[in-house]
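Each chain is listed here by its residues.
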Amino acid sequence: MNLFHKLINHFVGNIAIWIFYGGKKTIDEVAKNDNSFLGFIIVIILAFILFYSFK
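Residues numbered from 1 in each chain as written. Predicted model: local features only at pLDDT ≥ 70, side-chain atom pairs only at ≥ 80, totals over all residues. Heavy atoms only, no water.

Student: Report on the packing of helix α1 (residues 2-20) against helix α3 (residues 36-53), specifying residues and quantitative values.
Tutor: Where α1 meets α3, the axes come as close as 7 Å, and the angle between the chain directions of the two elements is 95°. Judged by the inter-axis angle, α1 sits roughly perpendicular to α3. Along the contact surface, α1 presents Ile-8, Asn-9, His-10, Val-12, Gly-13, Ala-16 and Ile-17, while α3 presents Ser-36, Leu-38, Gly-39, Phe-40, Ile-42 and Val-43. Broken down by class, the residue content of the contact of α1 with α3 amounts to 8 nonpolar, 5 polar and no charged. (Axes fitted to C-alpha atoms, helices over the stretch in contact; angles between N-to-C directions. Helix = DSSP H or I, 4+ residues; strand = E, 2+ residues; numbered from the N terminus. Parallel < 35°, antiparallel > 145°, perpendicular 65-115°, else oblique. Contact = heavy atoms within 4.5 Å. Nonpolar A, V, L, I, M, F, W, Y, C, P; charged D, E, K, R; others polar.)

If you want it as structure tokens, here you go:
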């Protein structure tokens with residue numbers, strides 16, 4: 001299960017960086033760097049937003 005969470009964090013982090021560059025860099029260039037920490041932060045923020053929006 002830990003590998004699945006790392007995969008989600010990498011995917012979310014890479015997509016966030018790709019959107020930040022406006023698609024000017026290819027996803028292959030973005031994926032060369034480790035963006036899992038950024039993905040983890042984004043997943044945590046989205047989880048808090050979803051958790052508190054349904055209260």
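Student: An account of the packing of aromatic side chains is needed here, citing residue identities and associated values.
Tutor: Enumeration over the complete set of coordinates arrives at 3 aromatic pairs. Ring geometry for Phe-20 versus Tyr-21: centroids 5.4 Å apart, planes at 65°, classification edge-to-face. According to the relative accessible area criterion, Phe-20 is exposed, its value standing at 65%. The structure contains a cluster of three or more aromatic residues connected by ring pairs, namely Phe-48, Phe-51 and Tyr-52. A cation sits over an aromatic face here: Lys-25 above Tyr-21, 4.5 Å from the ring centre. (Phe/Tyr/Trp six-rings, centres within 6.5 Å; stacked < 30°, edge-to-face > 60°. Buried < 20%, exposed > 50% of the residue type's maximum accessible area, 1.4 Å probe, protein only. Lys NZ or Arg CZ within 6 Å of the ring centre and 35° of its normal.)

Student: Summarise the side chain of Asn-35; cite the residues concerned and give the values.
Tutor: With respect to the secondary-structure elements, Asn-35 resides in the loop between α2 (27-31) and α3. A polar contact of 2.7 Å, which involves the side chain of Asn-35, links it to the side chain of Asn-14. Sequence-distant contacts of Asn-35, that is, excluding residues within four places in its chain, are made with Asn-9, His-10, Gly-13, Asn-14, Ile-17 and Val-30. (Polar contact = N/O pair within 3.5 Å; in protein donor to acceptor, adjacent residues only side chain to side chain.)

Student: Talk me through the side chain of Asn-14; I want residue IDs and the actual numbers.
Tutor: Residue position: Asn-14 is located in helix α1. Given the relative accessible area of 13%, Asn-14 is considered buried. Excluding its chain neighbours within four sequence positions, the residues that come into contact with Asn-14 are Ile-27, Val-30, Ala-31, Asn-33 and Asn-35.

Student: Could you give an account of a nonpolar patch on the surface, naming the residues involved and the relevant values?
Tutor: A cluster of nonpolar residues, Phe-37, Phe-40, Ile-41, Ile-44, Ile-45, Leu-46, Phe-48, Ile-49, Phe-51 and Tyr-52, forms a patch on the protein surface that exposes about 1000 Å² of accessible area. With respect to the helices and strands, Phe-40 occurs in helix α3. (Patch = residues over 30% accessible without salt bridge, like charges linked within 9 Å, V, L, I, M, F, W, Y side chains within 5 Å. Areas by Shrake-Rupley, 256 points an atom, 1.4 Å probe, with all protein chains shown as cover. Salt bridge = Lys/Arg side-chain N within 4 Å of Asp/Glu carboxyl O.)

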